[in-house]
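# Secondary and tertiary structure notes
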2 protein chains.
Amino acid sequence: MSKRQINETFLKACRGEKTDYVPVWYMRQAGRSQPEYREIKQKYGLFEITHQPELCAYVTRLPVEQYNVDAAILYKDIMTPLPAIGVDVEIKSGIGPVIDNPIRTVQDVEKLGEITPEEDIPYVLDTIKLLTQEQLNVPLIGFAGAPFTLASYMIEGGPSRNYHKTKSFMYTEPKAWFALMDKLADMTIVYLKAQIKAGAKAIQIFDSWVGTLNVEDYKFYIKPVMSRIFSSLREEGVPMIMHGVGASHLANEWHDLPIDVVGLDWRLSIKEARERGITKAVQGNMDPSYLLSSWEVIEQHAKSIIDQGTQQPGYVFNLGHGVFPEVNPDTLKRLTQFIHDYSKSKATH
Amino acid sequence: MSKRQINETFLKACRGEKTDYVPVWYMRQAGRSQPEYREIKQKYGLFEITHQPELCAYVTRLPVEQYNVDAAILYKDIMTPLPAIGVDVEIKSGIGPVIDNPIRTVQDVEKLGEITPEEDIPYVLDTIKLLTQEQLNVPLIGFAGAPFTLASYMIEGGPSRNYHKTKSFMYTEPKAWFALMDKLADMTIVYLKAQIKAGAKAIQIFDSWVGTLNVEDYKFYIKPVMSRIFSSLREEGVPMIMHGVGASHLANEWHDLPIDVVGLDWRLSIKEARERGITKAVQGNMDPSYLLSSWEVIEQHAKSIIDQGTQQPGYVFNLGHGVFPEVNPDTLKRLTQFIHDYSKSKATH
């Protein structure tokens, strides 16, 4: 075993502890905005990269080295575990995940199997081990898609704008819906426990599209299963983060879950989240669209976010949604440096 | 002039007055969910329908007669006035509005012209006159897209998921942005005044996609122009409604504008909107996805919404987004009847 010193700033902030500066990472930091990545992507598809631990570790590490961020996030898609339970997923360029055998009936749900990570996705665990035992000097975040978001792809057959089929299934087949949520929850728990065992030091669950539900439906159809997932993972002792896009109206429901960090997109400011009773650590919340504007605009906005985030300990800087391809890597590097420097000058964080 | 009796329940509710029952209309009530409409759509494109007043009036009237709703909304697209100011719009089936000459520079903005409704879109005004002077026994709602939403199509070149180009233009070219907002505001004011003069008894402005902005940006880049539009229209004396999707975080900003009715999608309940200081009349807020579930689920949810909406006078039942093609017209008919009957039995509305 190496004697590398791991920078624990990110983990401390997740636990609500004081840190010397505000830790930073970016959703989709490993990906399309990096020329080295785009070069690899010309040769290999996403699943081909994730199946090669050395290559996948390289892609995961790239932004850590280039941007000097305080956490790494495993390069893979939220769809990664689904083939193991019997869902045929293909990632189509310019479209996203496409599923040819969408869920339509309770029988389709019953057919879904279980995941055995060591057998089904050994390459994911090997990548984590490679990164955490040898290569990284920052914590690695393991992650998974939440049942609602995974189910939305499985029912719609691909990305959707309105999630009508998903909601219709949920409203009209509640028994099948809860069975589906349970199967996906079981998969998620096993999958994340394996990631933690392999070396992940924190986990984030992406319920990317759950913001399409109203609060009442979230409480009834989703919250119980999310509560079960986090309760099962609690014993692992790693910080747990919840994130989604356009889900500000659910922030207080997330806060109720046994999690450590509430992820915020830009629609709810940190200040307002605090006023609404979000007392746990928060992560966010710059609109990634700012990254295409001038440095002056970026800096001014970043300052305002940091000023809000540092009002109490427990704050991780991030974007409210993933980095997109047009962003210049130099901008992310400069932004990380700015957040580190500016937050060091602040009194409490 | 005819001596038809116009049902004013909708207008009263918009003005915050007591009504005998809760008035109902549905966004996109005239459209793809109706077989008669789909038959017409096999022969004509959207703009071909709007250019024929008799046909367009028929399409507008259909849902009023079939569903017994309390207001009609002119059948047309928010893109309708744009060709008059020099924007080439095409409505592509399965995609939406596509614009081949997107706005990229301040020069592109300067090139935009003005609208003269009587010359540029006489068919819109003729349709309104036909409907309001002869055919309808409920008020006709005139409408327009808001500058941000129109600009998003003009800058992106079509529908978008993230509005990166729009926001990037807004952040990096603020002078050009405000010039664009001003041109679109001028167009909107003239366009809506002409609709009112022709007979529209209320207006709704759709800022469909503005919910993609954070509150701070809304206040700086959007609110002033919206304030100018509504202030200019105020003198016309018709109720004014504001609506958008996924914009709950902006509801209080809308409430500040000189409008009469705050439109709510399902992400913010009426109860919570009231708790957050929305004292004006409200319109909404059923998720249209419910319309694909069983009647029991629809009824239970409708009751909960009506119970919230009737806590004070000034409530219009609607969906939080447009009716979509898969919805059975019988469901909308039954729902209207239910809202009318159930709300008659309530104490205050």
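Heads up: these notes are all about the structure in this document. It should be emphasised that the depicted structure is a prediction, and the values quoted were computed from it without experimental measurement.

The helix and strand tally for chain A stands at 15 helices and nine strands. At 19 Å, chain A has a C-alpha radius of gyration in line with the 20 Å of a compact globule built from 349 residues. C-alpha atoms of chain A, sized along the principal axes, occupy 60 × 45 × 40 Å. Taken over 349 residues, chain A has a buried fraction of 62%. A sequence separation of at least 24 residues applies to 74% of the contacts in chain A between residues at least 6 apart. Averaging the coordinates of the 38 positive side-chain charges in chain A and doing the same for the 43 negative ones gives two points 3 Å apart.

This part is about the pattern of salt bridges. Throughout the structure, instances matching the rule amount to 30 salt bridges over all chains. In this structure, A:Lys167 and B:Asp287 form a salt bridge, with 2.6 Å as the shortest nitrogen-oxygen distance. Pair noted here: A:Lys167 is in helix 9 (residues 164-172) and B:Asp287 is in the loop between strand 8 (281-286) and helix 14 (295-309), and the two residues belong to different chains. Given a relative accessible area of 1%, A:Lys167 falls into the buried group. In this structure B:Asp287 comes out as buried when scored by relative accessible area, which is 1%. The salt bridge partner of A:Lys193 is A:Glu236, with a shortest N-O separation of 3.9 Å.

For the rest of this paragraph, the subject is the pairing of strand 2 (residues 89-92) of chain A. Direction of pairing for strand 2 of chain A relative to strand 3 (residues 96-99) of chain A: antiparallel, over a ladder of four bridges. Looking at strand 3 of chain A, one finds that A:Glu90 is bridged to A:Val98.

Turning next to the interface of chain B and chain A. Of the residues lining the interface, 33 residues belong to chain B; the matching set on chain A comes to 33 residues. In this assembly, chain B and chain A are joined by two salt bridges. Summed over the shared surface of chain B and chain A, the number is 18 residue pairs in polar contact (both at pLDDT 80 or more). Contributions of two or more residues to the side of chain B that touches chain A are made by helix 9 (164-172), helix 11 (215-234) and helix 14 of chain B. By residue number, the principal contributor to the side of chain B that touches chain A is helix 9 of chain B, which donates five residues. A breakdown of the residues in the side of chain B that touches chain A according to their chemical character gives ten nonpolar, 16 polar and seven charged.

Another aspect to go through is the relation of the copies chain B and chain A. Each copy of the sequence occupies a distinct position, and chain B is placed on chain A by a rotation of 180° and an axial shift of 0.0 Å, giving an RMSD of 0.0 Å. With respect to symmetry, the two chain copies, as superposed, fit the operation of a two-fold axis. When C-alpha positions in chain B are compared against the rotation axis, the closest is assigned to B:Gly246, at 3.6 Å.

Attention now moves to empty space enclosed by the protein. A full pass over the atoms with the stated rule returns four cavities of 30 Å³ or more. Looking at the lining of the largest cavity, the elements that each hand over two or more residues are helix 9 of chain A together with helix 9 of chain B. Taken together, the residues of the lining of the largest cavity break down into eleven nonpolar, 21 polar and ten charged. A volume near 60 Å³ is recorded for the second largest cavity. As for the second largest cavity, its lining consists of B:Gly244, B:Ala247, B:Ser248, B:Ala251, B:Trp254, B:Gly263, B:Leu264, B:Asp265 and B:Leu268. Here the residues of the lining of the second largest cavity sort into five nonpolar, three polar and one charged.

Evaluation of the coordinates by the stated rule reveals 22 aromatic pairs over all chains. Aromatic side chains A:Phe220 and A:Tyr221 sit 4.9 Å apart centroid to centroid with 90° between the ring planes, which places their arrangement in the edge-to-face category. A relative accessible area of 9% means that A:Tyr221 is categorised as buried. Ring centres of B:Phe338 and B:Tyr342 lie 5.4 Å apart, and the angle between their planes is 10°; this geometry places the pair in the stacked category. Here B:Phe338 and its partner B:Tyr342 are both found in helix 15 (residues 329-344), four residues apart, which amounts to about one turn of the helix. The pair formed by B:Phe338 and B:Tyr342 is uniform in burial state, with each residue classed as buried. An aromatic cluster of three or more residues is present, and its members are A:Tyr171, A:Phe178, A:Phe220, A:Tyr221 and B:Tyr290. Just above the ring of A:Tyr21 sits the side chain of A:Lys344; from NZ or CZ to the centre is 5.4 Å.

Bringing the sheet that holds strand 8 (residues 281-286) of chain A into the picture now. Across the sheet, which stays open at both edges, the seven strands sit in the order 1-4-5-6-7-8-9 (chain A) with parallel pairing between neighbours. Edge positions in the sheet fall to strand 1 (72-73) and strand 9 (315-319) of chain A, since each of these pairs with one other strand and no more.

Here the focus is helix 10 (residues 174-198) of chain A. Taking 1.5 Å per residue, 25 residues should reach 36 Å; helix 10 of chain A reaches 36 Å between its end C-alpha atoms and fits that length. Phi turns positive, to about 140°, at A:Gly199, one or two residues after helix 10 of chain A.

Bringing the nonpolar core into the picture now. Formed by 244 residues in total, the largest nonpolar core has its most connected members in A:Met226, A:Phe317, B:Met226 and B:Phe317. If near-sequence neighbours (up to four positions away) are discounted, A:Phe317 is found in contact with A:Val22, A:Pro23, A:Val24, A:Trp25, A:Tyr26, A:Gly284, A:Met286, A:Ile305, A:Ile306, A:Leu335 and A:Ile339.

All names here are of chain A. A cis amide bond links Gly-284 with the next residue in sequence, Asn-285, at an omega value of -10°. Along the chain, Asn-285 turns up in strand 8. The backbone phi angle of Arg-28 is positive, close to 60°, even though this residue is not glycine. When you line up the elements, Arg-28 lands in the loop between helix 1 (9-14) and helix 2 (35-43). With relative accessibility at 51%, the residue Arg-28 sits in the exposed group. Of note, Tyr-163 is a non-glycine position whose phi angle comes to about 55°, a positive value.

On to the sheet that holds strand 1 (residues 72-73) of chain B. Residues and elements named next belong to chain B. Pairing within the open sheet is parallel, and its seven strands lie in the order 1-4-5-6-7-8-9. Each having just a single partner strand, strand 1 and strand 9 (315-319) make up the two edges of the open sheet. As paired strands, strand 4 (residues 140-145) and strand 5 (residues 202-206) are joined by five bridges and run parallel to one another. Looking across to strand 5, one finds that Phe-143 is bridged to Gln-204. Along the sheet face, helix 10 (residues 174-198) touches strand 4 and strand 5 and points at about 170° away from the line of strand 4.

Now for the environment of A:Val327. By secondary structure assignment, the location of A:Val327 is in the loop between strand 9 and helix 15 (329-344). Through-space distance from the C-alpha of A:Val327 to that of A:Arg32 is 8.9 Å; in sequence the pair is 295 residues apart.

Residue and element names in this part refer to chain B. Within the secondary structure layout, Asp-341 lies in helix 15. Residue class for Asp-341 comes out partly exposed when judged on its relative accessible area of 40%. Once the C-alpha coordinates of Asp-341 and Tyr-21 are considered, the two residues, 320 residues apart in sequence, prove to be 7.6 Å apart.

Before going further, it helps to spend a moment on helix 4 (residues 53-67) of chain A. Residue and element names in this part refer to chain A. For helix 4, built from 15 residues, the straight-helix expectation of 21 Å at 1.5 Å per residue is met to within 8% by its first-to-last C-alpha distance of 22 Å. At Arg-61, helix 4 shows its largest bend, some 30°, and a proline, Pro-63, comes one to four positions later. Within helix 4 the residues assigned to the buried category are Leu-55, Cys-56, Ala-57, Val-59, Thr-60, Arg-61, Leu-62, Pro-63, Val-64 and Tyr-67. Next to the buried residues of helix 4 lie helix 2, helix 3 (46-50), strand 1, helix 7 (122-135), strand 4 (140-145) and helix 15. Two residues or fewer after helix 4 comes Asn-68, characterised by a positive phi angle close to 60°.

Rules used throughout
- Residues numbered from 1 in each chain as written.
- Chains lettered and ligands numbered in written order.
- Predicted model: local features only at pLDDT ≥ 70, side-chain atom pairs only at ≥ 80, totals over all residues.
- Heavy atoms only, no water.
- Helix = DSSP H or I, 4+ residues; strand = E, 2+ residues; numbered from the N terminus.
- Rg over C-alpha atoms; globule rule 2.2 N^0.38 Å.
- Buried < 20%, exposed > 50% of the residue type's maximum accessible area, 1.4 Å probe, protein only.
- Contact = heavy atoms within 4.5 Å.
- Lys, Arg positive; Asp, Glu negative; His and termini not counted.
- Charge placed at Lys NZ, Arg CZ, Asp CG, Glu CD.
- Salt bridge = Lys/Arg side-chain N within 4 Å of Asp/Glu carboxyl O.
- Pairing = 2+ DSSP bridges.
- Polar contact = N/O pair within 3.5 Å; in protein donor to acceptor, adjacent residues only side chain to side chain.
- Nonpolar A, V, L, I, M, F, W, Y, C, P; charged D, E, K, R; others polar.
- Least-squares fit on C-alpha atoms with pLDDT ≥ 70 in both.
- 1 Å grid on protein atoms, 1.4 Å probe; cavity = no way out; pocket = protein on both sides within 12 Å on 5 of 7 lines; lining within 4 Å.
- Points joined across faces, edges and corners; volume = space filled by probe spheres on them.
- Phe/Tyr/Trp six-rings, centres within 6.5 Å; stacked < 30°, edge-to-face > 60°.
- Lys NZ or Arg CZ within 6 Å of the ring centre and 35° of its normal.
- Expected span 1.5 Å × (residues − 1).
- Core = buried A, V, L, I, M, F, W, Y, C linked by side-chain atoms within 4.5 Å.
- Axes fitted to C-alpha atoms, helices over the stretch in contact; angles between N-to-C directions.
- Bend = angle between axes of the 7 residues up to and from the residue.

Worth remembering: the numbers are spatial, not functional.
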